[in-house]
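Single-letter residue listing:
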Amino acid sequence: MLKARIRYGLTAILLSAATPAAAQSAVQVPLFDGALVLRGEVGVTADTRSADSADLSFWRPIQYGSPAKPIGGRMDCRLAGAVQPFSDAAFNVQALYQARKPARERAGQKDDGTDFLEQPNIRRLEVTGRALEPHRHYVLTYLALRDGARLYDIRMNCDFLHLQDPGSKTDYAAIMHQYLDLAVPVALGASQITSPLES
């Protein structure tokens, strides 16, 4: 079995290599046969893990805006994951997202954009949006990884709270990519391991 380093796309790789967050100390939280990597000042508030399931909550302070006009805030994330027998339905992250979208809209969540990545053993859908009560922005990630007859089903939601709105041009997905990384076991070909999520 090969262990492939999974990030949320080529943009995240470039950002993490070019930002101060890459130089910050990292905490590795074992996740199945891999790890969730948290960079910088991160507090884990809930942690329930077993061989085939995981439920974690964590947060970190965030500074939005420019150095000349900083805005204080925080990023709160929850990750839920499970190892289960592979099925086409569970591997279809776009259908899972569409099935839950009406309920999320009724709850006041408004999606602004999606980013989909498809590879033979990987499906990743990243959704960015905003909500009220409290006012916040979010990045919702659906990640499915096939390892032969097994499927790693991982969902993560990160909420971004701020004292003032930092503006419509704020890239919340890029902020998330700076501080989170994921390594999970997945059977990939040698050429794919070099850059497993590059599209």
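What counts, and where the lines are drawn
Position numbers for residues count from 1 along each chain, tracking the sequence in the order it is written. Where local features are concerned, this predicted model is filtered to residues with pLDDT of at least 70; where side-chain atom pairs are given and counted, the filter is 80 or more; whole-chain, interface and lining totals use all residues. Side-chain figures throughout are based on the complete set of non-hydrogen atoms in the structure, without hydrogens or water. Nine residue types can take part in a nonpolar core, namely buried Ala, Val, Leu, Ile, Met, Phe, Trp, Tyr and Cys, and a core is a set of them joined through side-chain atoms within 4.5 Å. Remark: exposure states derive from per-residue accessible area (1.4 Å probe, protein chains only) relative to the maximum for the residue type, with buried under 20%, exposed over 50%, and partly exposed in between. Strands are runs of DSSP state E lasting at least two residues, helices are runs of H or I lasting at least four, and both sets are numbered from the N terminus onward. When checking whether two residues touch, look at their non-hydrogen atoms; a contact exists if any pair is within 4.5 Å. Two cysteine sulfur atoms form a disulfide, by the criterion used here, when they sit within 2.5 Å. We define a polar contact as two N or O atoms separated by no more than 3.5 Å, with the added condition that, inside protein, one atom must be a possible hydrogen donor and the other a possible acceptor, whereas residues neighbouring each other in sequence contribute only through side-chain atom pairs.

(A) Structural context of the nonpolar core. Membership of the largest hydrophobic core comes to 31 residues, with the highest contact counts inside it found for Leu31, Phe58 and Phe160. Those elements giving two or more residues to this core turn out to be strand S2 (26-31), strand S3 (34-39), strand S5 (53-66), strand S6 (69-85), strand S9 (136-147), strand S10 (150-162), helix H4 (172-179) and strand S11 (180-185). Setting aside chain neighbours within four positions, we find leucine 31 in contact with Leu36, Ala54, Leu56, Leu79, Ile154 and Leu182. With 11 residues, the next largest nonpolar core counts Ala90, Tyr97, Leu125 and Tyr142 among its residues.

(B) Examining the environment of glutamine 178 more closely. Structurally, glutamine 178 can be placed in helix H4. Separated by 140 residues in sequence, glutamine 178 and leucine 38 place their C-alpha atoms 9.4 Å apart.

(C) Region of interest: the state of the cysteines. Inspection of every chain in the model, using the stated rule, returns one disulfide. In this model, cysteine 77 is linked to cysteine 158 through a disulfide, with the two sulfur atoms separated by 2.1 Å. One disulfide, between cysteine 77 and cysteine 158, carries an S-S torsion of 110° and so falls in the right-handed class. Placement of cysteine 77 in strand S6 and of cysteine 158 in strand S10 is noted, with a sequence separation of 81 residues between them. The exposure class of cysteine 77 is buried, given its relative accessible area of 4%.

(D) Highlighting unusual backbone geometry. Cis geometry is adopted by the peptide bond preceding proline 134, which originates at glutamate 133 and carries an omega value of -5°. Located in the positive-phi region is glutamate 133, a residue other than glycine, with phi close to 55°.

(E) Summary view of the environment of aspartate 47. Within the element layout of this structure, aspartate 47 appears in strand S4 (residues 43-49). A relative accessible area of 37% means that aspartate 47 is categorised as partly exposed. Once the C-alpha coordinates of aspartate 47 and valine 29 are considered, the two residues, 18 residues apart in sequence, prove to be 9.6 Å apart. There is a polar contact of 2.6 Å between the side chain of aspartate 47 and the side chain of arginine 49.

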